[in-house]
Amino acid sequence: MIIVKTTEEIELMRESALIVSKTLGMLASEVKPGVTTLQLDALAETFIRDHGAVPGFLGLYDFPNSLCMSPNAQIVHGIPNNTPLEEGDIISIDCGAFKNDFHGDHAYTFEVGEVAPETKKLLDVTKASLYVGIREFKAGNRVGDVGYAIQKFTEDHGYGVVRELVGHGLGRKMHEDPEMPNYGKRGRGKKFVEGMVVAIEPMTNLGTHRIKQLKDGWTILTADGKPSAHFEHDIALVNGKPELLSTFKYIYEALGIESNEEDEFRQVKI
Ligand code: MG
Ligand code: MG
């Protein structure tokens, strides 16, 4: 069942989402060769609590940390550890914050130093596919329209679309209806309704779409060991149009990147 949110609830969700956005922005300056994912996790937990929120992932389904940290061939759900990041790595950081009874949940894949050109292109295409999907989250469309658009864009670039993990509705619970796959058929699935909030999160593999899971019961990685990228935004359906609740602007400020990629999805100035 899709739980639609009131205007007031959407503003509370924006607050939770922006705490995650600022946490990722803080981490953007800390991601560098030599730092461990456990160190970054500790920084994030302190930052989230200092902003009056609780880490959304900590203890969720018994996950042990505040961040899902998935380097290189890891796709999602990696557990922070003591292995230092190395020059040329990529690292998907997925972060959640819970405040005022609502969750924020989004992710960005960072470059550690200089990465290989083919990996850089994977990141660019995966992030672009996120916006291709968000553009389809509008009145009159259905879940399959978002999935179809992301899958077509991704596969046209020759990359693999992960099937086993999907985006989701977001609200008082981290995972609400509907599931938001990054693949699908036009015109299929649940219809989008005003006031719904979703997390759209393409997970894109340089090689095969097939996955495997580590014995830790959490970490999902590519079956062929090639890199995978992951980007996620939180979006509400407002006035029949996608309204971004999250932002990458704090990341871009930290990294000195100019971007207007979010402008078309923002009715409220943040
Ligand atoms: Mg997430
Ligand atoms: Mg999510």
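Bear in mind the structure is a predicted one, so any value in this text is a computation, not a measurement.

Asker: Any details on the UniProt feature "binding site: a divalent metal cation 1" (unreviewed entry) in the protein? Residues and values, ideally.
Answerer: Mapped onto the present numbering, the UniProt feature "binding site: a divalent metal cation 1" (unreviewed entry) falls on Asp94, Asp105 and Glu232. Spanning 139 residues, the named residues nonetheless gather at one spot, since no C-alpha pair among them exceeds 8.1 Å. You can see Asp105 is positioned in strand 5 (residues 102–111). The exposure class of Asp105 is buried, given its relative accessible area of 3%. Polar contacts involving the side chain of Asp105 include one to the side chain of His168, which spans 2.9 Å. Assignment of secondary structure puts Glu232 in the loop between strand 13 (228–230) and strand 14 (233–238).

Asker: Describe the state of the cysteines, and please don't skip the residues or the numbers.
Answerer: Using the criterion set out here, one finds zero disulfides in the structure. Free cysteine Cys68: the closest other cysteine sulfur is in Cys95, separated by 9.4 Å.

Asker: Go over the coordination of the magnesium ion (ligand 2), please, and point to the residues and values.
Answerer: Surrounding the magnesium ion (ligand 2) are the protein donor atoms Asp105 (OD), His168 (NE2), Glu201 (OE) and Glu232 (OE), which sit 2.1 to 2.2 Å from the metal. The magnesium ion (ligand 1) is placed at 3.1 Å from the magnesium ion (ligand 2), the two being bridged by Asp105. Placement of His168 in strand 7 (residues 167–169) and of Glu232 in the loop between strand 13 and strand 14 is noted, with a sequence separation of 64 residues between them.

Asker: Please provide a residue-by-residue account of the environment of Ile220, values included.
Answerer: Along the chain, Ile220 turns up in strand 12 (residues 220–222). Spatially, the C-alpha atom of Ile220 lies 5.8 Å from that of Gln74, the residues being 146 residues apart in sequence. Setting aside chain neighbours within four positions, we find Ile220 in contact with Ala73, Gln74, Ile75, Val76, His77, Leu165, Ile211, Lys212 and Gln213.

Asker: Before we move on, can you summarise helix 1 (residues 7–28) with the specific residues and values?
Answerer: Here helix 1 spans 31 Å end to end across 22 residues, near enough to the 32 Å set by a 1.5 Å rise per residue. With 16 of 22 residues buried, helix 1 is to be regarded as a mostly interior element.

Asker: Kindly report on the pairing of strand 2 (residues 67–71), identifying the contributing residues and their values.
Answerer: Judged by how many residues are buried, strand 2 sits mostly within the fold: four of five residues are covered. Sheet topology places strand 2 next to strand 4 (residues 90–99); five bridges connect them, and they run antiparallel. The residue of strand 4 that forms the bridge with Pro71 is Ile91.

Asker: I'd like a description of the sheet that holds strand 8 (residues 176–180), backed by residues and values.
Answerer: Strands in a sheet are paired, the pairing made by backbone hydrogen bonds, and the direction either parallel or antiparallel. Taken in spatial order, the five strands make up an open sheet running 8-7-9-14-15, and their pairing is antiparallel. Looking at the sheet topology across the chains shown, the edges are occupied by strand 8 and strand 15 (241–244). If you compare each strand with its neighbour and ignore which way they point, the axes differ by 30° on average. The sheet contacts of helix 3 (residues 117–135) involve strand 9 (197–200), strand 14 and strand 15, and relative to strand 14 the element is tilted by about 15°. Where helix 4 (residues 143–156) meets the sheet, it contacts strand 8 and strand 9, and its direction lies at approximately 35° from that of strand 8.

Asker: Explain the pattern of salt bridges to me, using residue names and the numbers behind them.
Answerer: Scanning the model with the defined rule gives 17 salt bridges in all. Close ionic contact of Glu261 with Lys127 constitutes a salt bridge, the shortest N to O distance being 2.9 Å. Of this pair, Glu261 sits in the segment after helix 5 (249–255) while Lys127 sits in helix 3, and the two are 134 residues apart along the sequence. Per residue, the accessibility class of Glu261 equals that of Lys127, and both read buried. For the salt bridge of Lys152 with Asp156, the shortest nitrogen-to-oxygen distance reads 2.7 Å. Of this pair, Lys152 and Asp156 both sit in helix 4, separated by four residues, roughly a single helical turn. Owing to a relative accessible area of 39%, Lys152 belongs among the partly exposed residues under this scheme. The exposed category is assigned to Asp156, whose relative accessible area is 54%. A single network of salt bridges, built from pairs that share partners, joins Glu9, Asp101 and Arg172.

Cut-offs and rules
- Residues numbered from 1 in each chain as written.
- Chains lettered and ligands numbered in written order.
- Predicted model: local features only at pLDDT ≥ 70, side-chain atom pairs only at ≥ 80, totals over all residues.
- Heavy atoms only, no water.
- UniProt positions renumbered as here; feature names shortened; annotations may be inferred.
- Helix = DSSP H or I, 4+ residues; strand = E, 2+ residues; numbered from the N terminus.
- Buried < 20%, exposed > 50% of the residue type's maximum accessible area, 1.4 Å probe, protein only.
- Polar contact = N/O pair within 3.5 Å; in protein donor to acceptor, adjacent residues only side chain to side chain.
- Disulfide = S-S within 2.5 Å.
- Donors = N, O, S within 2.8 Å, 3.2 Å for Na, K, Ca; no water.
- Contact = heavy atoms within 4.5 Å.
- Expected span 1.5 Å × (residues − 1).
- Pairing = 2+ DSSP bridges.
- Axes fitted to C-alpha atoms, helices over the stretch in contact; angles between N-to-C directions.
- Salt bridge = Lys/Arg side-chain N within 4 Å of Asp/Glu carboxyl O.

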